[in-house]
Amino acid sequence: MTGYIVSRLIQTLVTIVGISVVVFFLARLSGDATALLIPPEATAEDREALKESLGLDDPLPVQYGIFVKGIITGDFGDSFRFGEPALDVFLDRFPNTLKLAAASAVVALLGGVSVGVLGAIRAGGFVDRLTTVIALLGQAIPSFLIGIMLILFFAVELRWLPTSGMAGPKTFIMPAIASAWYSMAALTRMTRSSMLDVMETDYIRLARLKGVPERAVIWKHAFRNALVPILSLFSLQIIFFVSGSVVIEQIFAWPGIGQLTIQAIFSRDYPLVQTIVFVTSTFLVLLNLGVDLLYAVIDPRIRLA
Amino acid sequence: MTTDSSSLPLDKSVAEPIAPKRASWLHNLRGLPVVPLTILLIVIGTGILAPIIQPHNPNEVDLLASLRPPVGFDGTWEHPLGTDELGRDVLSRLMDGAQISLLVGIAVVLGAGTLGATLALLAGYFRGWVDILISRATDTFLAVPFLLVAISVVGAVGASTRNLILVLIFMTWAGYARVLRSEVLRVREADFVRLAKVAGCSPARIIIRHILPNIVNPLIVLATLQLSAVIVIEASLSFLGLGVPAPQATWGGMLANGKAYLGVQNSLTIVPGIAIAATCLSINLMGDWLRVRLDPRFRQL
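Residues numbered from 1 in each chain as written. Chains lettered and ligands numbered in written order. Predicted model: local features only at pLDDT ≥ 70, side-chain atom pairs only at ≥ 80, totals over all residues. Heavy atoms only, no water.

A. Structural context of the overall build of chain B. Looking only at helices and strands, chain B has 12 helices and zero strands in total. Starting at the N terminus and walking to the C terminus, you meet the elements of chain B as α-α-α-α-α-α-α-α-α-α-α-α. Expressed as a percentage of the 301 residues in chain B, the buried residues total 48%. When the accessible surface of chain B is summed, it comes to about 14600 Å², and 67% of that surface belongs to carbon and sulfur atoms. (Helix = DSSP H or I, 4+ residues; strand = E, 2+ residues; numbered from the N terminus. Buried < 20%, exposed > 50% of the residue type's maximum accessible area, 1.4 Å probe, protein only. Areas by Shrake-Rupley, 256 points an atom, 1.4 Å probe, with all protein chains shown as cover.)

The structure is reproduced here in structure tokens:
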């Protein structure tokens with residue numbers, strides 16, 4: 001157990017260092033970092049001052065050391081566009097993205113599991129064929145396309161839902177479905193196959209022979225055992241909800257970090273871009289670590305392997 | 001178990017050496033998904049032949065003929081799929097979009113597949129610190145929020161088709177490395193690899209002549225599924241304005257333009273939407289078929 005935790009911790013640390021290297025080079029990729037770090041209307045003196053304050057004449061390892069020191073002390077520099085610390089701007093918007101991610105996670109899990117279970121208990125039937133179609137479409141139709149189609153039908157044609165923005169529960173519906181789309185299809189597929197595997201086992205046959213009602217066989221006996229692979233797939237999908245927010249938030253004008261990233265990139269607000277990419281990635285990596293450690297506690301097969 | 005699965009097909013081919021070649025070739029095409037293949041051939045054909053068969057110049061602006069509907073929705077055959085807000089012919093732009101999607105998709109899959117397979121071969125064969133280094137890098141790339149990092153890198157290096165391809169190769173090789181490394185680990189324990197070692201083959205020869213042919217099947221299946229994923233990513237990035245720069249027509253870019261005209265001219269979003277969905281669905285169905293054909297574990301199903 002200790003060995004597993006230590007190796008996972010080291011792996012996480014390596015990943016975070018890797019992310020910091022990518023983020024560090026982001027602003028230096030185009031050659032002249034000042035061209036990216038400063039708005040085009042800045043004066044030559046501003047440029048020189050920035051170059052000196054960033055230590056751009058130092059060798060790269062020294063620059064990287066300064067960058068890491070900034071990260072550790074929580075100082076990511078000021079956003080050019082907002083004129084406040086980039087971390088504050090980020091933290092201001094991050095809860096909105098998390099709210100949407102949570103809503104998508106609920107939609108994906110409920111939708112995927114219910115359709116998958118229905119497909120599995122009537123294998124080969126109409127619902128089952130629907131399951132296969134949903135799983136295929138989920139992989140083939142990008143979520144932003146689903147988002148636009150939802151807007152077209154439910155907002156523009158039927159006028160049931162608001163097209164964009166974040167105000168009240170109604171505005172969550174379409175972005176959450178669009179963002180959940182891909183994961184829901186994957187979960188549907190996984191639930192179906194996992195349930196089918198479990199339904200074949202002896203203990204399900206035994207439960208049926210004992211005369212356990214079918215409903216109880218499915219939910220109490222089969223579903224509980226089918227849940228492990230479903231949940232491990234689900235934990236992998238969390239990353240998609242946050243990462244996919246870049247596109248979904250742009251479509252639905254959702255005031256989260258996805259939209260903020262796009263705005264920051266187009267306004268060349270690099271301290272902000274660096275902050276968003278680094279903090280979000282680190283957050284997700286730590287989340288994954290937490291999920292993995294939780295699994296090791298729950299499932300002895302993992303920590304003993 | 002590993003020795004079993006590697007020696008089984010060998011025994012079989014020794015036992016049945018006189019199977020007629022032609023019949024087995026036809027047999028291989030069993031269950032070929034005809035509709036997806038047809039759709040793909042149309043997309044590939046229009047993509048390659050775009051400059052010849054385009055009814056109009058895809059970037060020709062004609063403001064007097066803007067926002068025309070497609071045929072069947074009060075449109076004329078002059079513009080079969082209508083025109084966009086600048087009066088550019090949607091069908092011609094769709095063909096250009098097919099070309100770009102295929103170009104980016106195939107280039108990225110080739111690049112990332114080659115890089116990922118090479119690293120997987122090195123990591124899986126040499127083990128030790130090479131393996132640790134490559135595997136940790138793979139983990140890092142698989143752990144980061146892909147789209148977020150991709151758009152910031154594209155934003156930093158500037159949007160162009162070449163940069164887009166390079167960034168996507170840089171961001172997608174890890175998936176190949178992860179899957180293929182475990183395949184290499186399986187194959188390197190097989191008897192024929194040990195025999196090759198005993199016979200004095202160099203590591204390079206063992207990797208290229210003995211291990212690589214045995215991981216080609218999973219590589220092909222993976223590449224097919226990745227192709228549709230890359231096309232979707234390219235469309236997403238172009239939709240955000242961080243993919244292939246305008247005025248070059250792309251499916252994602254057409255969707256982004258069309259979104260502003262929802263409720264005015266819906267065909268501007270529906271047409272490129274159908275193109276993306278149909279193409280990716282067809283590629284996935286072909287990939288599923290290939291997986292069943294190429295993966296021995298599925299063959300008897």
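B. Local environment of the environment of Pro142 of chain A. In this structure, Pro142 of chain A sits in the loop between helix 6 (126-140) and helix 7 (143-157). Distance from Pro142 of chain A to Val198 of chain A, taken between C-alpha atoms, is 31 Å for residues 56 residues apart in sequence. Setting aside its immediate chain neighbours within four residues, Pro142 of chain A contacts Val232 and Ile276 of chain B. (Contact = heavy atoms within 4.5 Å.)

C. Layout of the interface of chain B and chain A. Listed as interface residues are 40 residues of chain B and, on the opposing side, 43 residues of chain A. Interface of chain B and chain A: buried area, both sides summed, is about 3500 Å²; carbon and sulfur atoms make up 80% of it. For chain B, the biggest contributors to the area lost against chain A are Leu148, Ala156 and Leu240 of chain B; these three give 16% of the whole. Taken together, the connections running from chain B to chain A amount to one salt bridge. Its salt-bridge partner being Arg189 of chain A, residue Asp288 of chain B comes within 3.8 Å of it at the nearest N-O pair. Where chain B packs against chain A, one counts two residue pairs in polar contact (both at pLDDT 80 or more). Of all the secondary-structure elements, those providing two or more residues to the side of chain B that touches chain A are helix 5 (128-143), helix 6 (146-157), helix 9 (203-239), helix 10 (251-259) and helix 11 (267-294) of chain B. Residue contributions to the side of chain B that touches chain A peak at 11 residues, all from helix 11 of chain B. Grouping the constituent residues of the side of chain B that touches chain A by class yields 25 nonpolar, 10 polar and five charged. (Buried area = accessible area lost by both parts, 1.4 Å probe. Salt bridge = Lys/Arg side-chain N within 4 Å of Asp/Glu carboxyl O. Polar contact = N/O pair within 3.5 Å; in protein donor to acceptor, adjacent residues only side chain to side chain. Nonpolar A, V, L, I, M, F, W, Y, C, P; charged D, E, K, R; others polar.)

D. Focus on unusual backbone geometry. The phi torsion at Ala253 of chain A lies on the positive side, around 50°, for a residue other than glycine. With respect to the helices and strands, the residue Ala253 of chain A is situated in the loop between helix 11 (245-252) and helix 12 (257-266). On the basis of relative accessible area, Ala253 of chain A is assigned to the partly exposed category, the value being 33%. The phi dihedral of Arg127 of chain B is positive, around 50°, even though this residue is not glycine. Residue placement: Arg127 of chain B occurs in the loop between helix 4 (90-126) and helix 5.

E. Molecular detail of the packing of aromatic side chains. According to the stated counting rule, one finds 12 aromatic pairs over all chains in the structure shown. Ring centres of Phe90 of chain A and Phe94 of chain A lie 4.8 Å apart, and the angle between their planes is 25°; this geometry places the pair in the stacked category. Taken together, the residues Phe90 of chain A and Phe94 of chain A, both in helix 5 (residues 86-121) and four residues apart, mark about one turn of the helix. By the burial criterion, Phe90 of chain A is buried, and Phe94 of chain A matches it. Members of the aromatic cluster, connected to one another through ring pairs, are Phe24, Phe25, Tyr64 and Phe67 of chain A. Of note, Arg188 of chain B hangs over the ring of Tyr125 of chain B, and the distance from its end group to the ring centre comes to 5.8 Å. (Phe/Tyr/Trp six-rings, centres within 6.5 Å; stacked < 30°, edge-to-face > 60°. Lys NZ or Arg CZ within 6 Å of the ring centre and 35° of its normal.)

F. Layout of the nonpolar core. The biggest cluster of nonpolar side chains holds 151 residues, and the ones touching the most others in it are Phe144 and Met195 of chain A. Residue contributions to this core peak at 16 residues, all from helix 9 of chain B. Not counting the four nearest positions on each side in its chain, Met195 of chain A is found in contact with Val117, Ala120, Ile218, Ala222, Phe223 and Ala226 of chain A. (Core = buried A, V, L, I, M, F, W, Y, C linked by side-chain atoms within 4.5 Å.)

G. Geometry of the packing of helix 5 of chain A against helix 10 (residues 214-243) of chain A. Residues and elements named next belong to chain A. Here helix 5 crosses helix 10 at 145°, and the two axes come no closer than 10 Å. Considering only the axes of helix 5 and helix 10, their crossing is right-handed. Touching Thr97, Ala101, Ser104, Ala105, Ala108, Leu109, Val113, Val117 and Ile121 of helix 5 are Ile218, Trp219, Phe223, Ile230, Phe234, Phe241 and Val242, all from helix 10. For the contact of helix 5 with helix 10, the class distribution of residues is 14 nonpolar, two polar and no charged. (Axes fitted to C-alpha atoms, helices over the stretch in contact; angles between N-to-C directions. Left-handed = near helix turned anticlockwise from the far one by under 90°.)

H. Examining the pattern of salt bridges more closely. Tallying each qualifying case throughout the model produces 12 salt bridges over all chains. Between Arg208 of chain A and Glu214 of chain A there is a salt bridge, with its nearest N and O atoms 2.8 Å apart. Looking at Arg208 of chain A, the relative accessible area reads 38%, which means it is partly exposed. Across the salt bridge formed by Arg188 of chain B and Glu189 of chain B, the nearest N and O atoms sit 3.2 Å from each other. Several salt bridges share partner residues, and in doing so they unite Arg189 of chain A together with Asp288 and Arg291 of chain B into one network.

I. Representation of a nonpolar patch on the surface in the model. Residues and elements named next belong to chain B. A contiguous nonpolar patch, built from Leu41, Ile44, Ile48, Leu49, Ile52 and Ile53 and spanning about 580 Å² of accessible area, is present on the exposed surface. You can see Leu41 is positioned in helix 3 (residues 34-53). With relative accessibility at 53%, the residue Leu41 sits in the exposed group. (Patch = residues over 30% accessible without salt bridge, like charges linked within 9 Å, V, L, I, M, F, W, Y side chains within 5 Å.)

J. Examining helix 4 (residues 60-72) of chain A more closely. All names here are of chain A. End to end, helix 4 covers 18 Å across 13 residues, agreeing with the expected 18 Å (1.5 Å per residue, within 8%). Regarding helix 4, the residues found buried are Gln63, Phe67, Gly70 and Ile71. The buried residues of helix 4 occupy an angular sector of 100° when projected down its axis, which confines them to one face. Facing away from the buried side of helix 4, by more than 90 degrees, are the exposed residues Pro61, Lys69 and Ile72. (Expected span 1.5 Å × (residues − 1). Arc of directions from axis to C-beta.)

That's the geometry; what it means functionally is another story.
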